[in-house]
Amino acid sequence: MVTLTVDGEPCTLPRDASVAAAVLQRGSIARTSARFGNPRAPYCMIGVCFECRVEIDGVRDCLACLVLAEDGMKVRSQHEIQPSSGAG
Ligand code: FES
């Protein structure tokens, strides 16, 4: 078993589990969308949809479904709202 934190909350899961599994186990969102701020979460679990982008140990835009969970990792959801362009 490994223990990491997701948005500051501890999460314990099997050694071969992905960071995306930790995000889902916590019931967390991975990020909010850049345009409208909609909540997004891991979906495909195979590195295709890019909905699982999180910050891992200070590195943004990691695909959580492709990274194995390790003891002591600090995972944070990303909030990507950009300043409004005035459109939609
Ligand atoms: S869940 Fe789709 S790329 Fe990670």
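A. View of the environment of Glu-9. Along the chain, the position of Glu-9 falls in strand S2 (residues 9-13). Residue Glu-9 is classed as exposed on the basis of its 12 C-beta neighbours within 10 Å. Spatially, the C-alpha atoms of Glu-9 and Lys-74 are 9.4 Å apart, while their sequence positions differ by 65 residues.

B. Representation of the environment of Val-67 within the structure. For Val-67, the location among the structural elements is in the loop between strand S6 (59-63) and strand S7 (74-79). A sequence separation of 11 residues divides Val-67 from Ile-56, and the C-alpha atoms of the two residues are 9.4 Å apart. In this structure, Val-67 is in contact with Ser-18, Val-19, Ile-56 and Cys-62, ignoring residues within four places of it in sequence.

C. A look at helix H1 (residues 19-26). For H1, the full list of buried residues reads Val-19, Ala-20, Ala-22, Val-23 and Leu-24. Where H1 is buried, its residues contact strand S1 (2-6), S2, strand S5 (53-56) and S7. Two residues or fewer past H1, Gly-27 is found with a positive phi of approximately 75 degrees.

D. View of unusual backbone geometry. In this structure, Phe-50 takes a positive phi of about 65 degrees despite not being glycine. Along the chain, Phe-50 falls in the loop between strand S4 (39-40) and S5. Look at Asp-61: it is not a glycine, yet its phi comes out positive at around 60 degrees. Position of Asp-61 among the secondary structure elements: in strand S6. According to the C-beta neighbour criterion, Asp-61 is exposed, with 12 such atoms within 10 Å.

Rules used throughout
- Residues numbered from 1 in each chain as written.
- Predicted model: local features only at pLDDT ≥ 70, side-chain atom pairs only at ≥ 80, totals over all residues.
- Helix = DSSP H or I, 4+ residues; strand = E, 2+ residues; numbered from the N terminus.
- Buried ≥ 20, exposed ≤ 12 C-beta atoms within 10 Å, placed from the backbone.
- Contact = placed C-beta atoms within 7 Å.

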